[in-house]
Amino acid sequence: MSAQPPSYYEHHIFFCLNKRENGEACCADHNAQAAFDRCKAQVKSQGLAGPGKVRVNKAGCLDRCQGGPIAVVYPEAVWYTYVDQSDIDEIVESHLKNGKIVERLLTPPHLGR
Ligand code: FES
């Protein structure tokens, strides 16, 4: 069995920014853009960004819209449902900076599209 190559980023977080115009649930209706902007700014200002550290990226629909707004962190595949900017600050401080999952913000496992 071959060993897994090291992850380029220690934590790579993706924010769904999908916007639906047909009235169906979408993360853009829950301030996803503001959360993404907040996360990006916090990671940068705390010096966490870069190879071997943290990367913050936009994503389209991650197909778990019922749990939206959604962000997911790889390689550990931890899914978050956040509410406001203080939740984002907690994800940055606890998970992205100190490697500790924020249990209270985990997306319930059964929630899909
Ligand atoms: S619209 Fe965000 S997960 Fe589908």
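Criteria and cut-off values
Residues numbered from 1 in each chain as written. Predicted model: local features only at pLDDT ≥ 70, side-chain atom pairs only at ≥ 80, totals over all residues. Helix = DSSP H or I, 4+ residues; strand = E, 2+ residues; numbered from the N terminus. Rg over C-alpha atoms; globule rule 2.2 N^0.38 Å. Buried ≥ 20, exposed ≤ 12 C-beta atoms within 10 Å, placed from the backbone. Pairing = 2+ DSSP bridges. Axes fitted to C-alpha atoms, helices over the stretch in contact; angles between N-to-C directions. Contact = placed C-beta atoms within 7 Å. Right-handed = clockwise from strand over helix to strand, strands pointing away. Expected span 1.5 Å × (residues − 1).

**Student:** Would you mind showing me how to read the overall build of the protein here?
**Tutor:** Secondary structure assignment for the protein yields two helices and four strands. Along the protein, helices (α) and strands (β) appear in the sequence β-α-β-β-β-α when read from the amino end. Relative to the globule expectation of 13 Å for 113 residues, the C-alpha radius of gyration of the protein, 14 Å, shows essentially globular dimensions. Each of the three principal axes of the protein carries a C-alpha extent, and together these read 45 × 40 × 25 Å. The burial tally for the protein puts 27% of its 113 residues in the buried class.

**Student:** Would you take a moment to explain the sheet that holds strand β4 (residues 78-81) for this structure?
**Tutor:** One key point about sheets: their strands pair by backbone hydrogen bonds, in either a parallel or an antiparallel sense. In space, the four strands of this open sheet follow the order β2-β1-β3-β4, with mixed pairing throughout. What marks the edges here is a single partner per strand, and that holds for β2 (54-59) and β4. Adjacent strand axes in the sheet meet at a mean angle of 20°, parallel and antiparallel pairs treated alike. Both strand β1 (residues 11-16) and strand β3 (residues 70-74) contribute to a ladder of four bridges, which runs antiparallel. Across the sheet, the residue bridging to F15 is A71, located in β3. Against the sheet, helix α1 (residues 32-45) touches β1 and β2, its axis set at about 160° to β1.

**Student:** Before we go on, may I ask you to explain the pairing of β2 in this structure?
**Tutor:** Residues in a regular strand point their side chains to alternate faces of the sheet. When β1 meets β2, the two strands line up parallel, connected through six bridges. Along β2, the bridge assignment pairs H12 with R55. Since β1 and β2 lie parallel, the crossover through α1 that links them has a hand, and here it is right-handed.

**Student:** Mind showing me how you'd approach α1 here?
**Tutor:** In this model, α1 (14 residues) spans 20 Å end to end at C-alpha, consistent with the 20 Å of a helix rising 1.5 Å per residue. Within α1 the residues assigned to the buried category are A32, A35, F36, R38, C39, K40, Q42 and V43. Buried residues in α1 make contact with β1, β2 and α2 (85-97). G47 sits one or two positions beyond α1 and adopts a positive phi of about 70°.

**Student:** Got a minute to help me understand the pairing of β3 in this structure?
**Tutor:** Sheet analysis places β3 next to β4, joined by four bridges and oriented antiparallel. Along β4, the bridge assignment pairs A71 with Y80. Linkage of β3 to β4, two consecutive antiparallel strands, is achieved through a turn of three residues, within which A77 is found at a positive phi near 55°.

**Student:** Is there a simple way to think about unusual backbone geometry in this case?
**Tutor:** The phi angle of most residues is negative, glycine excepted, and most peptide bonds adopt the trans form. Residue P69 is bonded to the preceding G68 through a cis peptide linkage, with omega at 5°. Here P69 is to be found in the loop between β2 and β3. Look at the link from Y74 to P75: it is a cis peptide, with omega at 10°. For P75, the location among the structural elements is in the loop between β3 and β4. Residue N31 is not a glycine yet carries a positive backbone phi of 60°. The topology assignment puts N31 in the loop between β1 and α1. Overall, N31 belongs to the partly exposed group, with 16 C-beta atoms counted inside 10 Å.

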